[in-house]
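# Examination of the molecular architecture
Spelled out, the chains give:
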Amino acid sequence: MSPDSALEEKVRQAARGLASAGLVHAFGHCSARIDEQHFLVCAAMPMGLIADEEGSVVAIGGPLPEGVLGEVRAHQAIYATRADVGGICRIMPPAVMALSTFGVTPAPRHGLGAYSLRPPRCGTTRDCCVTMTWRSGWPVR
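The following refers to the structure shown. What you are looking at is a predicted structure, and each value in this text was computed from that prediction instead of being measured. Going along each chain's sequence as written, the residues are numbered from 1 onward. Restriction of local features to residues with pLDDT of at least 70 applies here, the model being predicted, together with a cutoff of 80 or more for giving and counting side-chain atom pairs; totals for whole chains, interfaces and linings are based on all residues. Side-chain descriptors were evaluated using all non-hydrogen atoms of the structure, hydrogens and water having been removed beforehand.

## Comments concerning the overall build of the chain
A helix here means a DSSP run of H or I that spans at least four residues, while a strand means a run of E at least two residues long, and both kinds are numbered starting from the N terminus. Check the secondary structure of the chain and you find three helices and six strands. Ordering the α and β elements of the chain from the N terminus gives α-β-β-β-α-β-α-β-β. Remark: exposure states derive from per-residue accessible area (1.4 Å probe, protein chains only) relative to the maximum for the residue type, with buried under 20%, exposed over 50%, and partly exposed in between. Here the chain, with 141 residues, has 28% of them falling under the buried criterion. We call two residues in contact whenever any of their non-hydrogen atoms come within 4.5 Å of each other. Put simply, of all contacts in the chain between residues at least 6 apart along the chain, 43% involve residues at least 24 apart. Values of accessible area rely on a 1.4 Å probe in the Shrake-Rupley scheme; residue burial ignores everything except the protein chains shown. Carbon and sulfur atoms make up 59% of the accessible area of the chain, which totals about 8,900 Å².

If you want it as C-alpha cells, here you go:
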C-alpha cells in the first residue's frame, strides 16, 4: 500500500511546521491515518530536516516496518482504539525537556484555559480537550 502524494506532503508539512514552531527538535514524529488498517508516519529523522523524504506506511495491527522507530507503537495503539483520530503528533518541546531536569511538570492548558488562574483538568471522557472538569466552583461541560 502506498499513500497518495497529497497525504505524504501533508505529513511532511506537519513535521516541518512543528519544528519551525519550536515544538520538536531531534525527537518527535507525526502520522496521518490512511484507512481503517494503515497510517503514514513521517521519516525517522529530525522533523525540521524533512524535505522530500518519504514516510512509512504502518499497519495498525501488525509489526513495525524496518526503519520505523519503536515509539510509533503508541500511534498504532491510538489508531486501533480511536477510529475518530485522523492524525497524531508526538512532540517534545525543548522548554518542557529543560523543565524536566528540574523535576517540574507544566500543567496542560487548552485554548482560553491558558489564561485562567485555575488550570483545567482533563475529564474522564474520550474528548479530553473538549470535555473538561474544572476545579471547585467552575462549571463541568
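Having seen it, we continue.
## Notes on helix H2 (residues 73–81)
Two residues of an α-helix separated by three or four positions point the same way, owing to the 3.6 residues in each turn. Looking only at H2, the buried set comprises His75, Gln76 and Tyr79. Take H2 and look down its axis: the buried residues cluster within an arc of 100°, on one side only. Facing away from the buried side of H2 by more than 90 degrees, the exposed set consists of Arg73 and Thr81. Contacts made by the buried residues of H2 are with strand E1 (29–33), strand E2 (38–41), strand E3 (56–59) and strand E4 (87–90). Within this analysis, the arc is defined by the directions that extend from the helix axis to the C-beta atoms.

## Some details on a nonpolar patch on the surface
Where nonpolar side chains cluster on the molecular surface, the patch consists of Leu99, Phe102 and Val104 and spans about 300 Å² of accessible area. Locating Leu99 in the fold gives a position in helix H3 (residues 94–100). A patch consists of residues whose relative accessible area exceeds 30% and which take part in no salt bridge; residues with like charges are grouped when within 9 Å of each other, and nonpolar side chains (Val, Leu, Ile, Met, Phe, Trp, Tyr) when within 5 Å. We define a salt bridge as a contact between a side-chain nitrogen of Lys or Arg and a carboxyl oxygen of Asp or Glu at a distance within 4 Å.

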